[in-house]
Each structure stands twice: as C-alpha cells, then as structure tokens.
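Structural overview
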Amino acid sequence: MSFFPAEFDPRGAVVWVLDMAAIDTPDGVVRCMIGTDGVFTDTTGARWYGSQLISLSGFESAINGVAPAGQIGLSFYQDPAAPSLIESVRAYGADYLDGRPIDFYLQPLRSAAEFSAPTLPPLQWARRTMRTITISKQGPLQREISVGFEAWSEGRRTARRIALNTEGHAALIGEANPSLEYIPTTDFTEEKLWT
C-alpha cells in the first residue's frame with residue numbers, strides 16, 4: 001500500500017510535490033505553500049498562497065522522553081510606511097491559536113502543467129496542535145512571526161506517574177501485589193572483594 005494515489009508514480013520522469021500547511025484560525029483556515037512562490041488552486045477549489053519567505057522547522061521524533069515541537073514561520077521586511085503587521089498579530093492575543101489544529105499536506109503533481117490544473121487532491125500527512133505565537137525583530141526592518149506547534153508525542157509529558165509499590169500496582173491493574181512490599185528502598189551498594 002502506498003501513501004500516494006495509484007495514478008501517481010513518485011519515480012516518474014517529472015514529479016513535483018508541494019509542501020503545504022493549513023492553519024485553522026477562529027476567522028477561517030489560512031492555507032499556505034511552504035518555500036514556493038505563487039497561488040495554487042487545488043482540485044476542491046481551495047486556494048493556497050505560497051512564498052519562499054515561509055519556512056517550516058524539521059519534524060523530530062521523541063528521544064529520551066522529550067516531546068519535541070516545531071515551528072512554521074514567516075520572515076519579512078516591514079515597510080516603514082505601511083501599518084505594522086506585528087502590531088496586528090499582537091492585537092489578536094496569545095490565545096488566538098492556542099489549542100487549534102494545523103494540518104500538513106503534500107500536493108502531488110505529475111507535470112509542471114498540473115500546477116495550473118491539478119488532477120490529484122492534496123494528501124494530509126500530519127496534524128498538530130498549535131501552542132504559541134512568537135515575534136522576533138532583527139535590525140531596523142527584518143521581522144519574523146512564528147507559530148509553534150506540539151509534537152505527535154506531546155501527550156507523553158502529561159502521563160500519570162505510577163509508583164512501583166503495592167498501591168501503584170493496584171491502581172494499574174486493579175489488584176494489589178503483596179510481594180512489592182519487600183522491594184528495596186535503598187540503593188544497592190557492592191561489597192568490597194578485598195579489604
């Protein structure tokens with residue numbers, strides 16, 4: 001079984017895949033293409049707006065019990081004569097995106113002509129929950145707005161702790177294990193072979 005539809009050959013002579021993200025906001029879904037300039041209309045009629053100024057951090061896996069996160073960001077130069085985009089974002093407040101989903105898609109294209117007339121729908125490959133909005137300034141004009149999202153392993157850090165004792169065992173499986181009352185309570189220390 002393949003992730004791609006049967007009519008799409010990922011090993012074909014001319015193959016493109018657009019990297020896209022759909023940000024669910026209280027005012028509607030914002031669709032963007034990551035690292036690609038232009039406007040793309042998919043087979044459902046939805047319009048995706050792209051820019052090389054949009055970036056996506058790498059997706060990591062959970063390592064050593066850490067639930068990694070990611071960011072999608074927009075870097076831009078603020079026109080001094082235009083209204084401040086940063087102030088517009090700040091007006092929405094910190095809770096504007098918190099807890100809302102961000103969906104990631106791949107758009108398979110079998111030829112360059114399909115950018116204007118696609119025949120295959122976008123394929124959703126991930127969904128995350130947005131948590132933060134970060135604003136940074138570099139120099140007099142360069143700005144960046146980033147949306148942070150949780151990892152697929154986010155729930156690991158909220159797992160309840162079960163102590164390894166008779167009460168913890170009872171909470172885990174519904175009955176106590178009396179042998180756990182003899183579990184060592186101090187660290188094991190080795191005895192010296194030679195004195």
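The following paragraphs examine the structure supplied in this document. Keep in mind the model is a prediction, meaning the values are calculated, not measured.

To continue, consider the overall build of the chain. In terms of regular secondary structure, the chain is built from two helices and nine strands. Counted from the first residue to the last, the chain has its helices and strands arranged as β-β-β-β-β-β-α-β-β-β-α. Here the chain, with 195 residues, has 30% of them falling under the buried criterion. Long-range contacts, defined here as pairs at least 24 residues apart, represent 53% of the contacts in the chain between residues at least 6 apart. Counting every atom, the chain has about 13100 Å² of accessible surface; 54% of that belongs to carbon and sulfur.

Let us now look at the packing of aromatic side chains. All told, the structure shown has five aromatic pairs when counted by the stated rule. Ring centres 5.5 Å apart and planes at 45 degrees place the aromatic pair Phe-40 and Phe-115 in the tilted group. In this pair, Phe-40 is assigned in strand S3 (residues 38-41) and Phe-115 in the loop between strand S7 (101-109) and strand S8 (123-138), connecting sequence segments 75 residues apart. Using a relative accessible area of 0% as the deciding quantity, one classes Phe-40 as buried. Aromatic side chains Trp-48 and Tyr-105 sit 5.5 Å apart centroid to centroid with 70 degrees between the ring planes, which places their arrangement in the edge-to-face category.

This part is about the sheet that holds S3. Strand order in the open sheet formed by nine strands is S3-S4-S2-S1-S7-S8-S9-S6-S5, with mixed pairing between adjacent strands. Every interior strand has two partners, whereas the edge strands, S3 and strand S5 (54-56), have only one. Mean inter-strand twist for the sheet, computed between neighbouring axes without regard to direction, equals 35 degrees. Of the strand pairs in this sheet, strand S1 (residues 16-25) and S7 are connected by eight bridges, and their pairing is antiparallel. Counted as the bridge partner of Leu-18 is Gln-107 from S7.

Our next topic: a nonpolar patch on the surface. Together, Ile-162, Leu-172 and Ile-173 make up an exposed nonpolar region whose accessible area comes to about 270 Å². Examined against the element boundaries, Ile-162 turns out to sit in the loop between strand S9 (142-149) and helix H2 (166-173).

Throughout the structure, instances matching the rule amount to six salt bridges. For Glu-87, the salt bridge goes to Arg-90, with nearest N and O atoms at 3.1 Å. Of the two residues, Glu-87 and Arg-90 both sit in helix H1 (residues 85-92), three residues apart, roughly one turn of that helix. With relative accessibility at 44%, the residue Glu-87 sits in the partly exposed group.

Now for the layout of surface pockets. Approximately 550 Å³ is the volume found for the largest pocket. Tallied by class, the residues present in the lining of the largest pocket amount to 14 nonpolar, three polar and one charged.

The subject of this paragraph is H1. Where H1 starts, the residue carrying a side-chain oxygen 3.4 Å from the main-chain nitrogen of Ile-86 turns out to be Ser-84. Gly-93 sits one or two residues past H1 and shows a positive phi near 90 degrees.

Summarising the sheet, strand S2 (residues 28-34) and strand S4 (residues 47-51) pair through three bridges and their orientation is parallel. From the neighbouring strand, Ile-34 faces S4, where its bridge partner is Ser-51.

This part is about the nonpolar core. Core analysis: the largest hydrophobic core is formed by 14 residues, its most contacted members being Ala-21, Ile-72, Leu-97, Ile-102, Phe-104 and Met-130. The set of elements that each furnish at least two residues to this core consists of S1, S2, S7, S8 and S9.

Conventions we followed
- Throughout this document, residue positions are counted from 1 along each chain, in the order its sequence is written.
- At least 70 in pLDDT is required for a residue's local features to be given in this predicted model, at least 80 for side-chain atom pairs to be given and counted, and no such filter applies to totals for whole chains, interfaces and linings, which use all residues.
- Only hydrogens and water are set aside; all other atoms, that is, all heavy atoms of the structure, feed into the side-chain values.
- A run of DSSP states H or I qualifies as a helix once it reaches four residues; a run of E qualifies as a strand once it reaches two. Both are numbered from the N-terminal end.
- Each residue is assigned to one of three classes by its accessible area relative to the maximum for its type, calculated with a 1.4 Å probe on protein chains only: buried under 20%, partly exposed between the two thresholds, exposed over 50%.
- Any two residues whose heavy atoms approach within 4.5 Å at even a single point are treated as in contact.
- For the accessible areas, the method is Shrake-Rupley and the probe is 1.4 Å, while residue cover comes only from the protein chains on display.
- By convention, a stacked pair of Phe, Tyr or Trp rings (six-membered ring in the case of Trp) has centres within 6.5 Å and planes under 30 degrees apart, an edge-to-face pair has planes over 60 apart, and any other such pair is tilted.
- Two strands qualify as a pair provided DSSP detects at least 2 bridges between them.
- Each axis is a line fitted through C-alpha atoms, and for a helix only the stretch in contact is used; angles between axes span 0 to 180 degrees, taken between their N-to-C directions.
- Note that patches include only residues with greater than 30% relative accessible area and no salt bridge, and the join distances are 9 Å for like charges and 5 Å for nonpolar side chains (Val, Leu, Ile, Met, Phe, Trp, Tyr).
- Criterion for a salt bridge: a side-chain nitrogen of Lys or Arg within 4 Å of a carboxyl oxygen of Asp or Glu.
- A cavity here means a set of 1 Å grid points, computed over protein atoms only, where a 1.4 Å probe fits but cannot escape. A pocket is an open set with protein on both sides within 12 Å along at least 5 of 7 lines, and lining residues have an atom within 4 Å of a point.
- Grid points are joined across faces, edges and corners, and a volume is the space filled by probe spheres set on the points.
- Nonpolar residues are Ala, Val, Leu, Ile, Met, Phe, Trp, Tyr, Cys and Pro. Charged residues are Asp, Glu, Lys and Arg, and all others, Gly as well, are polar.
- The definition of a polar contact used here is a pair of N or O atoms within 3.5 Å, where within protein one atom must be able to donate a hydrogen and the other to accept one, and adjacent residues in sequence count solely through side-chain atom pairs.
- Joining through side-chain atoms within 4.5 Å is the link that ties buried Ala, Val, Leu, Ile, Met, Phe, Trp, Tyr and Cys residues into a set, and such a set is a nonpolar core.

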